[in-house]
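The lines below spell out each chain.
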Amino acid sequence: MATTMDVDRPAVAPAAKAGYPLPWVEKYRPTRIKDIVGNVEAVSRLQIIAEEGNMPNIILAGPPGTGKTTSILCLAHELLGPNFREAVLELNASDDRGIDVVRNKIKMFAQQKVTLPLGRHKIVILDEADSMTSGAQQALRRTMEIYSSTTRFALACNQSSKIIEPIQSRCAIVRYSKLSDKELLQRLLHVCQEEGVAHTPDGLEAVVFTADGDMRQALNNVQATANGFGLVSQDHVFRVCDQPHPVLVSSVVRHCLDARIDDAYEGLRALCDMGYSASDIITILFRVVRNFTGMNEYLKLEYIKQIGFCHMRVGDGVNSRLQLSGLLAELCKLTMRAAA
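These numbers come from a predicted model, not from an experiment.

Q: How should the domain arrangement of the protein chain be read in this particular structure?
A: In many analyses, interface size is given as the accessible surface area lost on bringing the parts together. Splitting the protein chain by domain gives domain 1 (24-175), domain 2 (181-241) and domain 3 (246-339). If you average the C-alpha positions of domain 1 and of domain 3, the two centres end up 42 Å apart.

The following block contains the structure:
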């Protein structure tokens with residue numbers, strides 16, 4: 001795997017030249033398509049595009065931290081090589097991306113003359129494209145049509161449904177999914193070995209649990225834990241990430257499985273008194289139940305169904321602790337019905 005950022009990337013070069021330490025997210029960002037972790041089918045499609053050289057307009061859609069932006073940058077580097085600087089325009093959601101930016105900045109870039117090898121095109125990278133205004137997307141549609149012979153567009157977004165249909169129809173859509181626990185763990189072991197980070201197996205397991213398929217968050221959590229404590233252990237990880245500890249949540253689930261509502265509520269009250277929000281608690285509760293071993297499959301499905309309903313009500317802003325208490329009561333009733 002590549003262990004340093006490509007020096008062609010201007011956002012990284014100044015810090016690297018000045019000798020400042022890079023965040024591990026940037027230091028271990030792949031620079032070649034074949035080094036990208038996870039989403040094998042999607043990455044293989046991009047690899048074919050890089051080899052053949054005929055890049056279409058593309059939309060990369062998927063959860064954060066799964067490698068969408070990295071994939072586009074790797075593809076641009078492999079297609080353009082030394083021409084990357086002058087032939088790529090990268091805009092992020094932090095930039096003003098209203099209709100004026102499309103009409104001026106993007107259009108001016110598309111009009112520029114750049115000498116490229118035969119069959120290669122300039123590339124406009126729009127990160128977080130689903131945050132663009134509707135007017136900007138309408139203007140972008142026309143720009144994509146007019147300059148299709150010289151410029152290609154690569155859009156990264158979390159939800160492709162927020163991109164207007166005329167743009168979707170002009171692009172090949174590549175969908176990314178969350179990374180598996182195995183893929184996250186392999187990459188974390190590689191980074192810990194490279195950095196000489198002391199870690200315990202349950203510490204890396206905790207990092208994988210808190211990341212929930214997000215490679216960016218996993219690397220940030222490992223670096224923060226290593227810098228803060230010097231050892232990546234389970235307790236240290238959950239102190240850094242400030243999430244409800246799965247062991248405490250698991251004890252609440254076990255009390256519900258035994259239909260002991262008073263003990264389950266005591267565990268819930270302890271979590272609430274620690275300052276965790278209802279959203280934090282119910283998110284971890286869902287993940288604990290989903291991975292809970294030894295639970296009847298039908299009962300697990302019913303638990304997840306009730307947790308989903310409660311999460312929806314909490315998201316609507318109703319009384320959170322009351323809703324969580326009601327959820328525990330429902331889970332205990334489900335256990336009693338299953339035992340009857």
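Having seen the structure, we can now continue with the description.
Q: Can you help me understand the sheet that holds strand 4 (residues 151-157) in this one?
A: Sheet strands pair by backbone hydrogen bonding; their relative direction is either parallel or antiparallel. Taken in spatial order, the five strands line up as 2-3-4-1-5 in an open sheet, and their pairing is parallel. Because the sheet does not close on itself, it has two edges, and the strands there are strand 2 (88-91) and strand 5 (172-175). Across this sheet, the average inter-strand angle for adjacent strands is 15°, counted without regard to direction. As paired strands, strand 1 (residues 58-61) and strand 4 are joined by four bridges and run parallel to one another.

Q: So what exactly am I meant to see when it comes to the packing of aromatic side chains here?
A: Aromatic ring pairs: the centre-centre distance and the angle between the two ring planes describe each pair. Per the stated rule, a full pass over the model turns up one aromatic pair. Positioned above the aromatic ring of F109 is the side chain of K122, whose terminal nitrogen or guanidinium carbon lies 5.4 Å from the ring centre. A cation over a ring is seen here: R287 above F209, with NZ or CZ 4.5 Å from the ring centre.

Q: Looking at this structure, how should I read the pattern of salt bridges?
A: Note that side chains of opposite charge can pair when their charged atoms are close. Taken as a whole and judged by the stated rule, the model has 13 salt bridges. With its nearest N and O atoms 2.2 Å apart, the salt bridge here joins E145 to R170. One end of the pair, E145, is in helix 7 (residues 134-146); the other, R170, is in the loop between helix 8 (165-169) and strand 5, with 25 residues separating them in the sequence. For E145, a relative accessible area of 35% translates into the label partly exposed. A single salt-bridge network, built from bridges that share partners, covers E266, R269, D273 and R321.

Q: Is there a simple way to think about the packing of helix 10 (residues 201-211) against helix 11 (residues 215-229) in this case?
A: Each packed pair of helices is defined by two parameters, the angle between the axes and the distance between the axes. Direction vectors running N to C along helix 10 and helix 11 enclose 140°, while the axes themselves pass 8 Å from each other. The orientation of helix 10 with respect to helix 11, classified from their angle, is oblique. Helix 11 is crossed by helix 10, and the crossing has right-handed handedness. Facing helix 10, whose interface residues are V207, T210 and A211, helix 11 presents Q217, A218, N221 and V222. Considered class by class, the residues forming the contact of helix 10 with helix 11 number four nonpolar, three polar and no charged.

Q: Looking at this structure, how should I read helix 11?
A: Helical geometry note: an α-helix holds 3.6 residues per turn, so side chains three or four residues apart project in the same direction. End to end, helix 11 covers 21 Å across 15 residues, agreeing with the expected 21 Å (1.5 Å per residue, within 8%). Residues of helix 11 that are buried include every one of M215, A218, L219, N221, V222, Q223, T225 and A226, and no others. Close packing links the buried residues of helix 11 with helix 2 (24-27), helix 9 (181-195), helix 10, strand 7 (231-232) and helix 12 (234-241). For helix 11, the capping residue at the N-terminal end is D214, with a side-chain oxygen 3.0 Å from the backbone nitrogen of R216. In the segment just after helix 11, G230 is the residue with positive phi, at about 80°.

Q: In this structure, what is going on with helix 6 (residues 99-111)? I would like to understand it.
A: Taking 1.5 Å per residue as the helical rise, helix 6 with its 13 residues ought to reach 18 Å, and the 17 Å between its terminal C-alpha atoms agrees with that figure. Taken together, the buried positions of helix 6 are V101, V102, I106, F109 and A110. For helix 6, the arc enclosing every buried residue in end-on projection is 105°, short of the 170-degree limit, so these residues lie on one face. Set apart from the buried face of helix 6 by more than 90 degrees, the exposed residues are R103 and M108. Of the surrounding secondary structure, the elements contacted by the buried residues of helix 6 are helix 5 (84-87), strand 2, strand 3 (122-126), helix 7 and strand 4.

Here is what the cut-offs are and how they apply
- Note that residues are indexed from 1 along each chain, following the sequence as it is written.
- Given that the model is predicted, a residue must reach a pLDDT of at least 70 before its local features are reported, and side-chain atom pairs must reach 80 or more before they are shown or counted; all residues, however, enter totals for whole chains, interfaces and linings.
- Hydrogen atoms and water are omitted, and side-chain values are computed over all heavy atoms in the structure.
- Start and end points for every domain follow an automatic or database-based domain assignment.
- Two strands pair under a simple rule: DSSP has to find at least two bridges between them.
- For helices the rule is a DSSP run of H or I covering at least 4 residues; for strands it is a run of E covering at least 2, with both sets numbered from the N terminus onward.
- Each axis is a line fitted through C-alpha atoms, and for a helix only the stretch in contact is used; angles between axes span 0 to 180 degrees, taken between their N-to-C directions.
- Aromatic pairs are defined between Phe, Tyr and Trp rings, using the six-membered ring for Trp, whenever the two ring centres lie within 6.5 Å; interplanar angles under 30 degrees are classed as stacked, those over 60 as edge-to-face, and all others as tilted.
- By definition here, charges over rings are those cases where NZ of Lys or CZ of Arg is within 6 Å of the ring centre and within 35 degrees of the ring normal.
- Counted as salt bridges are all cases of a side-chain nitrogen of Lys or Arg within 4 Å of a carboxyl oxygen of Asp or Glu.
- Between buried and exposed lies partly exposed: a residue is buried under 20% and exposed over 50% of the maximum accessible area for its type, with that area taken using a 1.4 Å probe on protein chains only.
- By the definition adopted for this analysis, an angle is roughly parallel if under 35 degrees, roughly antiparallel if over 145, roughly perpendicular if from 65 to 115, and oblique otherwise.
- Crossings are sorted by hand: turned counterclockwise from the far helix by less than a right angle, the near helix makes the crossing left-handed, and turned clockwise it makes it right-handed.
- Contacts between residues were defined by any pair of non-hydrogen atoms, one from each residue, lying within 4.5 Å.
- Side-chain classes follow a simple rule in which Ala, Val, Leu, Ile, Met, Phe, Trp, Tyr, Cys and Pro form the nonpolar group, Asp, Glu, Lys and Arg form the charged group, and the remainder, Gly included, forms the polar group.
- Any helix carries an expected span of 1.5 Å times its number of residues minus one.
- Any N or O atom pair separated by 3.5 Å or less is treated as a polar contact, with the protein-specific requirement of one donor-capable and one acceptor-capable atom, and with residues adjacent in sequence counted only for side-chain atom pairs.
- Our arc is simply the arc of the directions from the helix axis toward the C-beta atoms.

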